[in-house]
Amino acid sequence: MKFKLSKRKKILIAVLSFIFILFFFLSSLVKYWVVKNSEELVGRKLEISELHFNYAQVALGIKGFNLFEADKTNTFVAFNELHVNFSPWYLITGEYAFSEIYLDGLNVSVIQDSLGFNFDSMILKQDSIVEEPSGKQDLKFSIKNIQFKNGSVRYIDEVKKNTIAFDKIDLALPLLAWNNQKSEMGVDFAMGDKGRVQVSADIDHAKNAYAIDLASQSIDLEPIRAYLTDYIDISAISGQLNTTIHLQGSLNKPMNLIVSGHTNVLDFEMKDGADKKLFAAKKLDIDLDSLNVGTAHYEIGAIQVDSPEIYASLDKESSNFERMLAPYMKADSLAQDTLQVEVDSSSFFYQVKSITVSNGLVNFTDNTLNRPFVYDLTNIAITMGTLSEQVDSIPLSYSMNLHGAGRSEGEGTFSLKDLSSVNFKNKLENLDMMSFSPYTEFYIARPITQGAFNYKTSFAMTMTQLKNENHIHISELDFGKKTKDKNTVKAPVRLALHLLKDKDDQIDFKLPVSGNPSDPNFRVGKIIWKTVMNFLIKTASQPFNILGNLAGGDPESIKSIPFHFLQDSLDATQKKNLRKIATILTKKDELSFAFVQETNLKKEKEFLALNSSIRTYCTSKSISFPDITADQMVVWARENIDFITYLNPNSEEGVSFASICIDKVGKLELDSMFMDLLKTRNTVLNTFMKDSLALDEASFKVKTADLRNMPEQLKSPNYRVEVSLK
């Protein structure tokens with residue numbers, strides 16, 4: 001029996017068959033149409049391997065998605081697989097609901113060049129502003145079970161020649177809805193070769209609050225170098241960042257943010273623009289107790305720095321730190337010209353609970369001298385208590401090794417509340433002074449061959465008073481032979497230090513410093529340095545106060561060797577004082593004494609003329625020359641009428657007694673007699689020092705001053721004594 005269908009049924013079957021075929025091939029048709037028209041739809045070439053519609057679950061599945069760059073060759077966005085399950089039944093209540101969104105293998109490349117981003121051409125430009133209807137209702141939506149697996153995002157900055165990669169991105173979000181009371185989210189991704197980042201967030205919609213936990217491990221710092229170069233001149237930066245951060249904030253008040261947690265950096269290193277090391281640290285730990293952005297209340301816990309290294313160098317033009325900060329200083333100067341910001345500091349609060357530095361190193365190089373000076377401070381340890389403007393006293397202690405055997409340590413307190421409140425005590429032991437030869441060669445043209453420097457100080461300062469006690473002890477300080485360096489400092493520092501030595505080759509002195517910090521011209525460092533230099537200059541310019549003690553006599557007795565007019569030999573007092581100087585030379589054989597003959601040229605010649613005239617007179621009268629001094633000679637001559645008649649037989653008036661004698665002797669003869677007298681004195685003194693006292697000629701020098709240009713106060717017959725080092 002033949003089965004026949006009615007026409008109506010045939011039409012129904014045909015329609016159903018068409019619908020079945022349509023829906024069966026719909027995904028392929030949609031895929032074909034989207035791929036073919038992708039450049040018109042999104043402005044880019046698009047490839048899709050598979051596209052499926054699951055009508056039973058109302059789901060969409062896409063595999064092998066690849067959206068190309070504008071060059072149609074490189075990939076912009078791609079993913080392996082996407083599943084979207086839609087729940088249409090919620091549309092009855094006006095809500096868009098998805099039961100699952102699953103995305104696997106997302107790969108995004110964001111490229112920025114001088115013209116913009118690689119996706120700018122895909123963004124539609126609006127010619128006008130579209131006003132939204134005033135009665136628009138809130139969008140109702142809910143998305144459950146959001147999962148991203150194995151994603152990666154690469155940001156390529158072609159301007160900075162820098163790439164930042166986020167790999168193995170995993171995201172899990174159980175529920176995201178317009179009306180849910182709470183939302184939870186978790187993100188996990190790799191950053192760089194070893195870095196890992198985990199983010200978990202809880203959002204309380206009812207309270208408009210959120211909490212985010214951010215953890216990172218081994219994040220490479222190198223990618224940030226390209227963005228730091230706008231502010232600092234560096235060639236490299238390396239290290240691994242690790243964080244455990246908790247954020248609490250408000251959704252409707254973004255500034256109400258509180259940050260807490262812990263962060264550290266391992267194996268940090270930074271190099272300057274010349275590829276030389278600037279900073280390094282084995283480990284930096286920072287506890288963030290509470291950073292409240294909204295109230296400007298910042299509390300930092302312990303800061304610990306392990307094995308920090310600082311490399312500082314000073315050149316004739318600038319230091320390496322000035323060169324490093326040059327871009328920032330240039331940008332900052334421009335910003336000051338265009339921007340002025342008023343900051344309300346009344347509510348600002350900061351506090352650091354403690355700062356600890358261990359096993360530190362500071363390497364300093366000074367290239368401004370005639371040869372480089374290189375010095376290391378090693379094993380630096382610093383401990384600081386609570387740092388805040390609110391505390392009255394901040395404790396600080398330190399210790400370090402000084403370029404080998406030297407050691408320095410100290411402790412004290414200071415205050416940020418009152419910057420003038422400082423109390424500190426420290427000591428420096430066994431500092432090898434030979435290391436500072438590049439400085440002594442530069443400033444006094446002699447190297448230090450040996451010497452150990454020890455120093456103790458106490459420093460107490462208030463708003464109106466500075467009291468600084470300094471105790472300096474230097475052992476066995478010696479300088480080497482004179483170098484070819486130009487002597488740039490005229491202060492007799494070397495002589496002063498030598499004069500301060502005792503019989504055991506030790507220098508020991510105490511130097512108090514005081515001042516008033518309220519004085520506008522007060523500078524702590526300037527006052528201390530000026531006091532030290534004044535002490536050394538005073539010691540060198542007044543050496544006889546110290547030398548007199550060595551000779552066991554009055555310092556004034558060796559400052560000069562007085563003579564009488566016409567005296568041409570040494571008397572007992574003069575010889576005694578010269579023996580004192582010889583005693584000093586036996587105790588300080590590096591000293592050299594200069595005996596500079598001074599006299600009143602005019603008076604000395606007048607006495608010579610008178611002496612010659614009397615001798616001529618006595619010879620003519622066949623009488624003995626009177627046994628009298630130069631001063632007594634004038635009296636004798638004026639009281640001897642016969643001598644006066646001899647000199648001035650015509651009794652000429654208006655002619656001085658001295659000029660008559662000079663004319664009688666003759667100026668040429670008188671000049672010769674005067675030069676002979678000066679030479680005789682020098683010879684007598686030189687012979688006594690060399691032969692009688694057995695002194696080395698290198699230890700003393702006898703010479704005559706410039707008598708014609710001598711100041712009036714020096715015009716008396718004597719030997720001025722000068723002290724210097726050989």
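Analysis parameters
- Residues numbered from 1 in each chain as written.
- Predicted model: local features only at pLDDT ≥ 70, side-chain atom pairs only at ≥ 80, totals over all residues.
- Heavy atoms only, no water.
- Helix = DSSP H or I, 4+ residues; strand = E, 2+ residues; numbered from the N terminus.
- Buried < 20%, exposed > 50% of the residue type's maximum accessible area, 1.4 Å probe, protein only.
- Contact = heavy atoms within 4.5 Å.
- Areas by Shrake-Rupley, 256 points an atom, 1.4 Å probe, with all protein chains shown as cover.
- Pairing = 2+ DSSP bridges.
- Axes fitted to C-alpha atoms, helices over the stretch in contact; angles between N-to-C directions.
- Lys, Arg positive; Asp, Glu negative; His and termini not counted.
- Salt bridge = Lys/Arg side-chain N within 4 Å of Asp/Glu carboxyl O.
- Polar contact = N/O pair within 3.5 Å; in protein donor to acceptor, adjacent residues only side chain to side chain.
- Parallel < 35°, antiparallel > 145°, perpendicular 65-115°, else oblique.
- Left-handed = near helix turned anticlockwise from the far one by under 90°.
- Nonpolar A, V, L, I, M, F, W, Y, C, P; charged D, E, K, R; others polar.
- Phe/Tyr/Trp six-rings, centres within 6.5 Å; stacked < 30°, edge-to-face > 60°.
- Lys NZ or Arg CZ within 6 Å of the ring centre and 35° of its normal.
- Patch = residues over 30% accessible without salt bridge, like charges linked within 9 Å, V, L, I, M, F, W, Y side chains within 5 Å.

Engineer: Can you explain the overall build of the protein? Please cite residues and give values.
Structural biologist: Helices and strands together make up the secondary structure of the protein, namely 15 helices and 28 strands. Expressed as a percentage of its 726 residues, the buried residues of the protein come to 37%. Taking the intrachain contacts of the protein between residues at least 6 apart in sequence as the baseline, contacts between residues at least 24 apart amount to 57%. Surface summary for the protein: the accessible area is close to 43,400 Å², and the carbon and sulfur share equals 56%.

Engineer: Describe the sheet that holds strand E25 (residues 560–562), listing the residues and the values that go with them.
Structural biologist: Spatially, the four strands line up as an open sheet ordered E25-E28-E26-E27, and their pairing is mixed. Pairing within the sheet leaves two strands with one partner each, and these edge strands are E25 and strand E27 (700–704). For this sheet the average axis-to-axis angle between neighbouring strands, irrespective of direction, equals 20°. In the sheet, strand E26 (residues 591–598) pairs with E27 via five bridges, with the strands oriented parallel. Residue Phe593 lies in a different strand from E27, and its bridge partner there is Phe700.

Engineer: Let's hear about the side chain of Arg446: which residues, and what values?
Structural biologist: Along the chain, Arg446 turns up in the loop between helix H6 (437–444) and strand E22 (448–461). Notably, Arg446 is buried but unbridged: the nearest opposite-charge side chain belongs to Glu590, and the N-O separation is 8.0 Å. Polar side-chain contacts of Arg446 include one of 3.1 Å to the backbone oxygen of Gly480.

Engineer: Let's hear about the packing of helix H11 (residues 601–621) against helix H14 (residues 657–665): which residues, and what values?
Structural biologist: Helix-helix packing is characterised by the crossing angle of the two axes and by the distance between the axes. One can describe the packing of H11 onto H14 by two numbers: an axis separation of 8 Å at closest approach and a directional angle of 65°. Classified by the angle between their axes, H11 and H14 sit roughly perpendicular to one another. Once H11 is placed against H14, the crossing between them reads as left-handed. Residues Glu606, Ala609, Leu610, Ser612 and Ser613 of H11 lie in contact with H14, whose contacting residues are Phe657, Ala658, Cys661, Ile662, Lys664 and Val665. Looking at side-chain class alone, the contact of H11 with H14 contains seven nonpolar, two polar and two charged residues.

Engineer: Run through the pairing of strand E17 (residues 349–366), naming residues and quoting values.
Structural biologist: If a strand is regular, its side chains alternate between the two faces of the sheet. Where strand E15 (residues 297–306) meets E17, nine bridges bridge the pair, whose relative direction is parallel. Directly across from Ala302, in E17, lies its bridge partner Ser354. In textbook terms, the turn of a hairpin is the stretch between consecutive antiparallel strands, and for E17 and strand E18 (residues 373–384) this stretch comprises six residues.

Engineer: Describe in detail the pattern of salt bridges, supporting the description with residues and values.
Structural biologist: If you walk through the whole model with that rule in mind, you get 23 salt bridges. The residue Asp188 makes a salt bridge to Arg196 at a minimum N-O spacing of 2.8 Å. Glu409 serves as the salt-bridge partner of Arg407, at 4.0 Å between the closest nitrogen and oxygen. By relative accessible area, Arg407 is classed as partly exposed at 26%. One salt-bridge network, held together by shared partners, links Glu269, Lys271, Lys277 and Glu309.

Engineer: Any chance you could break down unusual backbone geometry for me, citing the residues and the numbers?
Structural biologist: Positioned with a positive phi, Asn150 is a non-glycine residue whose angle comes to about 55°. Even without being glycine, Lys168 reaches a positive phi, approximately 50°. Within the fold, Lys168 resides in strand E8 (residues 162–177). Residue class for Lys168 comes out exposed when judged on its relative accessible area of 54%.

Engineer: Break down the packing of aromatic side chains for me, with residues and values.
Structural biologist: A full pass over the atoms with the stated rule returns 20 aromatic pairs. With a centroid separation of 4.9 Å and an interplanar angle of 85°, the aromatic rings of Phe442 and Tyr443 are classed as edge-to-face. One residue, Lys45, lies across the ring of Phe68, its end atom 4.9 Å from the ring centre. When the ring centre of Tyr646 is taken as reference, the NZ or CZ atom of Lys664 above it lies at 4.4 Å.

Engineer: Break down a nonpolar patch on the surface for me, with residues and values.
Structural biologist: A cluster of nonpolar side chains, namely Tyr32, Trp33, Leu41 and Val42, defines an oily patch on the protein surface of about 440 Å² accessible area. Tracing the backbone through its elements, the reader meets Val42 in the loop between helix H2 (38–41) and strand E1 (46–54).

Engineer: Would you mind going over the packing of helix H10 (residues 572–587) against helix H15 (residues 667–692) in detail, with residue names and values included?
Structural biologist: For the pair H10 and H15, the least separation of the axes is 11 Å and the interaxial angle reads 50°. It follows from the interaxial angle that H10 and H15 lie oblique. As H10 packs across H15, the resulting crossing turns out to be right-handed. In this structure, H10 uses Lys575, Leu578 and Arg579 to contact H15, whose residues at the interface are Leu685, Phe688 and Met689.

Engineer: Lay out the side chain of Arg196 with the relevant residues and their values.
Structural biologist: When you line up the elements, Arg196 lands in strand E10 (residues 195–204). A polar contact of 2.8 Å, which involves the side chain of Arg196, links it to the side chain of Asp188. If we skip the residues at most four places from it in the chain, Arg196 touches Lys168, Asp170, Asp188, Phe189, Ala190, Met191, Ala215, Ser216, Gln217 and Ile219.

Engineer: Please give an account of the environment of Leu288 that cites residues and values.
Structural biologist: Tracing the chain through its elements places Leu288 in strand E14 (residues 277–292). Residue classification places Leu288 among the buried positions, given a relative accessible area of 13%. A C-alpha to C-alpha distance of 9.2 Å links Leu288 and Ile303, two positions 15 residues apart in sequence.

Nothing here speaks to function; it is all geometry.
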